There are 2 protein chains.
Amino acid sequence: MMKEIRGEQLPGCMTPGRLAEMAGRKATVEGCVHNIRALGGIAFVILRTGRYLLQTVYDQSVCRDDAAALEDGCYISATGTVRLEQRAAGGVELLLDGFEVLSRPAAPYPLNMADRSLKATLGTNLEYRAVALRHPRERAVFRVMEGIENGFRDFMLRNDFAEIHSPKITAISAEGGAEVFRLKYFGSDAVLAQSPQFYKQMGVAFFDRVFEVGEVYRAELHNTSRHLNEYVGLDFEMGYIRDMTDVMNMETAMLRHVMAHLAENYQPEIELLGVRLPAVEAIPAVKFADALAYLKTVGGGKNRNDLTADDEVLLCSHILQQTGSEFVFVTHFPSAKRPFYVMDDQENPKEALSFDLLFRGLEITTGGQRIHDYAQQVAKMKARNMDPADFESFLAAHKYGLPPHGGLGIGLERLTSKLCDLANIRQASLFPRDLNHLAP
Amino acid sequence: MMKEIRGEQLPGCMTPGRLAEMAGRKATVEGCVHNIRALGGIAFVILRTGRYLLQTVYDQSVCRDDAAALEDGCYISATGTVRLEQRAAGGVELLLDGFEVLSRPAAPYPLNMADRSLKATLGTNLEYRAVALRHPRERAVFRVMEGIENGFRDFMLRNDFAEIHSPKITAISAEGGAEVFRLKYFGSDAVLAQSPQFYKQMGVAFFDRVFEVGEVYRAELHNTSRHLNEYVGLDFEMGYIRDMTDVMNMETAMLRHVMAHLAENYQPEIELLGVRLPAVEAIPAVKFADALAYLKTVGGGKNRNDLTADDEVLLCSHILQQTGSEFVFVTHFPSAKRPFYVMDDQENPKEALSFDLLFRGLEITTGGQRIHDYAQQVAKMKARNMDPADFESFLAAHKYGLPPHGGLGIGLERLTSKLCDLANIRQASLFPRDLNHLAP
């Protein structure tokens, strides 16, 4: 009546490297038939595993099964002899002894997997998302994303940040404004969190340093190549800072670690996508006012309180030319346009101790120093005609004490799309949510 | 006009180990005043850092600053001489030369931090959550949770699973039923995801093996010690399985890795909380029908289609006595009560190839083998009076092909609460969401 499960595992995904170690011997590979090229009695059957393409060779005089049973998109378990073959991807191939068909599609793919790049408009790509993501280049983007996320996490954990999960159904909104998704929560009015801001600030009170990787919701009506309505935020918040430079230094060191993590663990995707990993050495930091003055000399700087998308491109191009850096911090934004929890510069209260990080023409981070003193936070709320009573549970953190602290948020899809040089941020979201897409 | 940020970092959180290495020398420690015990001209000022308590000693004949400036809850930077001292927690203390007060609370804590355990009802604990979580034992639970999550992630990445993020705002509901949170998405009807089920099955098509750590939403009206309305799911899904035993083996190996990861990295919390890490050797697996037959002999088994909460306790106790295992798999649940995507046993279609994992009297996992064949999935939907057209984007994965696959979901808070022996699952959620709590 009782079985025992001992924790024996199936082998992992077959890789060219693992296969090459078995040269001259028999091996079994499971994969999806990606493409078949027949040449007389020989056929090259390319298998797609979870990360690689592997070449198998069907020779009707060797293989006990009939290749007529194979079609694009069917899943097989193939057995044969491993041979080193320089012309095959990964330098190795499998001469088939036989195969078993595990599963068949009910219809042919509506998109061609064998093209080097997926030849489909963005609309078609999203319409057939369950197929498009099978294309080697399309899916590789999400391995790069995995590498960014886990390089970030690895750095945070090594530097004594605690990983937290904050609720996404909340009663109050961190950023204010109308751009929130609203829902009923057992009869109460609730919103989906626009950021983990309040919770990570509270987290500093118990863990000194915290980070979170989690969904963020923005009900913005923007329909651009750089906005998503649901995205993944990489957030951190750290106590005992001297000023926001500590936060910027932490981000610089983290990005350096992330790029090294990608270089070490994601070479197949870096090569496939032609990713250029940026050098993260000294990142220049310019004050917003100075950036604006420069931008006006080149026809930009139309908004005196913020950078436009065009400004970001212009400024990055200028900084790259001047310093060789593909990143630039812009600091000291006008206080009026920054959220209520941001600390203002004591020397010039019209400037906030707040920064953005731009990368290759796109803002990927907003961060800064926060107000830690209760009276100061209440006063700033009142000056903005906000009622502190609406924020009682957040203000409890300040009331019972917080160390000086600051932090930031990074848009994971934005950083991924810039690294992979994607034209549209939707290509860096498995199942993007925008004005027109609620499915799949 | 331009600064350079070079990635210089603040030192991490001070630990007793790092401090002890500096014995006889000067050190600076930043922390929150946790407790002050005065003894004549001497006072023991216990500092709370992000993970530890550190003893500092104030001697008015040595310290240049006046201890009268210190109060519970204020944040200080303290400098002094490091001394090994067996009676201090961690075997080390700091004789204060001086300190700087960085920040002060606006009000005294409403809860006593100095008690070994927090003396507060659950209601008070949740009402003052921003304070309660500062208590060493309360916060330690979330380090254990971090360890479970990252042990899980580490195992998954080492075993070729890709980490994914699926959308939480969705058009359709994976589990069906009325227990979903509804919202308007730019004029369309949407729900919050009850699980990443559809997306991780789709993910198998492009990555073979996927996992996700993410929020899960259940609008259940349950108000019990084991339910939350928003929780964190640890999910995985793997292709090319032979049967559901492969999934159970993978989980067993993963749990073994998680317990080793906790033992290696979370000793301070294990000791503080008295966590008993379970041995994960062979986990017994019993069929539901056999479990039910046993339960009836001991007054349980009232529901012939599922296990009740009482049954779970009775069965775990029996298995522990019989085998020494604190875990037990229950397999082959009645098909009628399992979701439409579950594969039924070919030999007995009334039984589903579906399992639960129980741990110390509580279900922590549901998993099984899924249907991969398009026609079979459509037929099962129709047999249940479901309209396949409602699930078109999910069925696209089957239509264009999926390998045989299975997977599972684990409730992170449930596993954490059982490991830490908490009376209520709310103590394993930083900011729990239940029928009565939408804030903080």
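What counts, and at which threshold
Residues numbered from 1 in each chain as written. Chains lettered and ligands numbered in written order. Predicted model: local features only at pLDDT ≥ 70, side-chain atom pairs only at ≥ 80, totals over all residues. Heavy atoms only, no water. UniProt positions renumbered as here; feature names shortened; annotations may be inferred. Helix = DSSP H or I, 4+ residues; strand = E, 2+ residues; numbered from the N terminus. Buried < 20%, exposed > 50% of the residue type's maximum accessible area, 1.4 Å probe, protein only. Areas by Shrake-Rupley, 256 points an atom, 1.4 Å probe, with all protein chains shown as cover. Domains from an automatic or database assignment. Contact = heavy atoms within 4.5 Å. Buried area = accessible area lost by both parts, 1.4 Å probe. Least-squares fit on C-alpha atoms with pLDDT ≥ 70 in both. Polar contact = N/O pair within 3.5 Å; in protein donor to acceptor, adjacent residues only side chain to side chain. Nonpolar A, V, L, I, M, F, W, Y, C, P; charged D, E, K, R; others polar. Pairing = 2+ DSSP bridges. Salt bridge = Lys/Arg side-chain N within 4 Å of Asp/Glu carboxyl O. Axes fitted to C-alpha atoms, helices over the stretch in contact; angles between N-to-C directions. Arc of directions from axis to C-beta.

Taking an unreviewed UniProt entry as the reference, chain A is identified by name as Aspartate--tRNA ligase belonging to Anaerofilum hominis. Quoted straight from UniProt, the Subunit (unreviewed entry) entry for chain A says "Homodimer."

**Q** Quick question: what am I supposed to make of the overall build of chain A here?
**A** Broken down by element type, chain A carries 12 helices and 17 strands. For chain A, the spread of C-alpha atoms along the principal axes amounts to about 85 × 65 × 40 Å. In chain A, buried positions account for 62% of the 440 residues. Put simply, chain A shows about 16900 Å² of open surface, and 48% of that area lies on carbon and sulfur atoms.

**Q** Just checking my understanding: could you explain the domain arrangement of chain A for this structure?
**A** Put simply, an interface is often sized by how much accessible area is lost when its parts join up. All names here are of chain A. Once the domains are mapped, chain A shows domain 1 (16–103) and domain 2 (136–428). On a C-alpha basis, the centres of domain 1 and domain 2 stand 46 Å from each other. If you look at the interface, domain 1 gives 7 residues, while domain 2 gives 7 residues. Between domain 1 and domain 2 lies a buried interface of about 550 Å² when both sides are counted; carbon and sulfur atoms form 44% of it.

**Q** Please explain the relation of the copies chain B and chain A as it appears in this structure.
**A** Think of it as a corkscrew move, a rotation about one axis and a shift along it, taking one chain copy to the other. Superposition of chain B onto chain A requires a rotation of 180° combined with a translation of 0.0 Å along the rotation axis, giving an RMSD of 0.0 Å. Such values leave the two copies arranged in the relation of a two-fold axis. Relative to the rotation axis, the C-alpha of Leu183(B) is the closest in chain B, positioned 2.5 Å from it. Residue by residue, 99% of the interface of chain B is reproduced at the interface of chain A, so both copies engage with the same surface.

**Q** What's the story with the interface of chain B and chain A in this structure? I'm lost.
**A** Each partner contributes residues to the interface: chain B has 130 residues there, and chain A has 129 residues. Counting the surface lost from both chain B and chain A, the interface buries some 10400 Å², and carbon and sulfur atoms represent 62% of this. For the pair chain B and chain A, the number of links is 58 residue pairs in polar contact (both at pLDDT 80 or more). Top element by residues in the side of chain B that touches chain A is helix α4 (residues 136–158) of chain B. It accounts for 9 residues. In terms of residue class, the side of chain B that touches chain A is built from 72 nonpolar, 24 polar and 34 charged.

**Q** I'm lost on the pairing of strand β11 (residues 209–217) of chain A in this one. Help?
**A** Successive residues of a regular strand alternate their side chains across the two faces of the sheet. All names here are of chain A. The element β11 is extensively covered by neighbouring structure, given that 9 of its 9 residues are classed as buried. Relative to β11, strand β7 (residues 162–163) runs parallel, the two being bridged by 2 bridges. Along β11, the bridge assignment pairs Glu 163 with Phe 211. Summarising the sheet, β11 and strand β12 (residues 230–239) pair through 9 bridges and their orientation is antiparallel. Each residue of the ladder has a partner; that of Phe 211, found in β12, is Phe 236.

**Q** What's the story with unusual backbone geometry in this structure? I'm lost.
**A** The bulk of non-glycine residues show a negative phi, and the bulk of peptide bonds are trans. The omega torsion across Ala439(A) and Pro440(A) is 0°, close enough to zero to call that bond cis. Examined against the element boundaries, Pro440(A) turns out to sit in the segment after α12 (412–419). The phi torsion at Asp208(B) lies on the positive side, around 65°, for a residue other than glycine. Relative to the helices and strands, Asp208(B) resides in the loop between α5 (197–207) and β11 (209–217).

**Q** Looking at this structure, I do not really get the pattern of salt bridges. What am I missing?
**A** Pairs can form between side chains of opposite charge once their charged atoms are near each other. Taken as a whole and assessed by the stated rule, the structure comprises 49 salt bridges over all chains. The salt bridge involving Lys200(B) is made with Asp235(B); its shortest N-O contact spans 2.7 Å. Separated by 35 residues along the polypeptide, Lys200(B) in helix α5 and Asp235(B) in strand β12 (residues 230–239) bring together distant segments of the chain. For the pair Lys200(B) and Asp235(B), one class covers both residues: buried. Taken together, the shared-partner salt bridges connect Glu149(A), Arg153(A), Glu163(A), Glu149(B), Arg153(B) and Glu163(B) into one network.

**Q** Could you clarify how one ought to interpret the side chain of Ser325(B) in this entry?
**A** The residue Ser325(B) is located in the loop between α9 (309–323) and β14 (327–331) in this model. The residues contacting Ser325(B), other than those within four sequence positions of it, are Ala282(B), Ile283(B), Pro284(B), Ile319(B) and Leu320(B).

**Q** It is not clear to me how the pairing of strand β6 (residues 92–103) of chain B should be interpreted in this structure. Could you clarify?
**A** All names here are of chain B. With 9 of its 12 residues buried, β6 lies for the most part within the structure. Pairing between strand β4 (residues 53–59) and β6: 3 bridges, direction parallel. The residue bridging Thr 56 from the neighbouring strand is Leu 94, located in β6.

**Q** Mind showing me how you'd approach the sheet that holds strand β1 (residues 2–5) of chain A here?
**A** Note: strands within a sheet are paired through backbone hydrogen bonds, in either parallel or antiparallel orientation. In space, the 9 strands of this open sheet follow the order β1(A)-β13(B)-β14(B)-β15(B)-β16(B)-β17(B)-β12(B)-β11(B)-β7(B), with mixed pairing throughout. In the strand order of this sheet, the two ends are held by β1 of chain A together with β7 (162–163) of chain B, each with one partner. As paired strands, β12(B) and strand β17 (residues 405–411) of chain B are joined by 7 bridges and run antiparallel to one another. When the sheet's bridge partners are listed, Leu234(B) is paired in β17(B) with Ile410(B). Across the sheet, α4(B) lies against β7, β11 and β12 of chain B, angled at about 155° from β11(B), the strand it touches most. Helix-sheet contacts for α5(B) involve β7, β11, β12 and β17 of chain B, and the interaxial angle to β12(B) is about 30°.

**Q** In this structure, what is going on with the sheet that holds strand β16 (residues 362–369) of chain A? I would like to understand it.
**A** If you walk across this open sheet you meet the 9 strands as β7(A)-β11(A)-β12(A)-β17(A)-β16(A)-β15(A)-β14(A)-β13(A)-β1(B), and the pairing is mixed. Single-partner strands in this sheet number two, and they are β7 of chain A together with β1 (2–5) of chain B. Pairing geometry for strand β14 (residues 327–331) of chain A and strand β15 (residues 354–359) of chain A, over 5 bridges, is antiparallel. Across the sheet, residue Phe329(A) finds its bridge partner in β15(A), namely Leu357(A).

**Q** How do you make sense of the packing of helix α10 (residues 374–383) of chain B against helix α11 (residues 392–399) of chain B when you look at a structure like this?
**A** The angle between the axes and the distance between the axes are what describe a pair of packed helices. All names here are of chain B. Their axes nearest at 8 Å, the elements α10 and α11 cross at an angle of 145°. Here α10 contributes Tyr 374, Gln 377, Val 378 and Met 381 to the contact with α11, which in turn contributes Leu 395, His 398 and Lys 399. Classifying every residue of the contact of α10 with α11 by side-chain character gives 4 nonpolar, 2 polar and 1 charged.

**Q** Sorry, what's going on with the UniProt feature "binding site: L-aspartate" (unreviewed entry) in chain A here?
**A** Residue and element names in this part refer to chain A. According to UniProt, the "binding site: L-aspartate" (unreviewed entry) feature falls on Glu 175, Arg 218, Thr 366 and Arg 370. Within the secondary structure, Thr 366 sits in strand β16. Exposure remark for Thr 366: the relative accessible area of 35% places this residue in the partly exposed category. With residues near it in sequence (within four places) discarded, Thr 366 still touches Arg 338, Phe 355, Asp 356, Leu 408 and Gly 409. A polar contact of 3.0 Å, which involves the side chain of Thr 366, links it to the side chain of Asp 356. As for its placement among the helices and strands, Arg 370 is situated in the loop between β16 and α10 (374–383).

**Q** Just to check I follow, could you spell out α10(A) for this structure?
**A** One turn of the α-helix equals 3.6 residues, which is why residues spaced by three or four share an orientation. Residue and element names in this part refer to chain A. Listed in full, the buried residues belonging to α10 are Gln 377, Val 378, Lys 380 and Met 381. Seen from one end, α10 has its buried residues packed into an arc of 160°, which puts them on one side. For α10, exposure combined with an orientation more than 90 degrees from the buried face picks out Ala 375, Lys 382 and Ala 383. Tucked inside the fold, the buried residues of α10 contact α11 (392–399). N-cap assignment for α10: the residue whose side-chain oxygen lies 3.2 Å from the backbone N of Ala 375 is Asp 373. Backbone geometry just downstream of α10 places Asn 385 in the positive-phi region, at approximately 60°.

**Q** Sorry, what's going on with α11(A) here?
**A** Every buried residue of α11(A) is listed here: Phe394(A), Leu395(A), Ala396(A), Ala397(A) and His398(A). For α11(A), the elements touching its buried residues are α5 (197–207) and α10 of chain A together with α3 (129–132) of chain B. Phi turns positive, to about 105°, at Gly401(A), one or two residues after α11(A).

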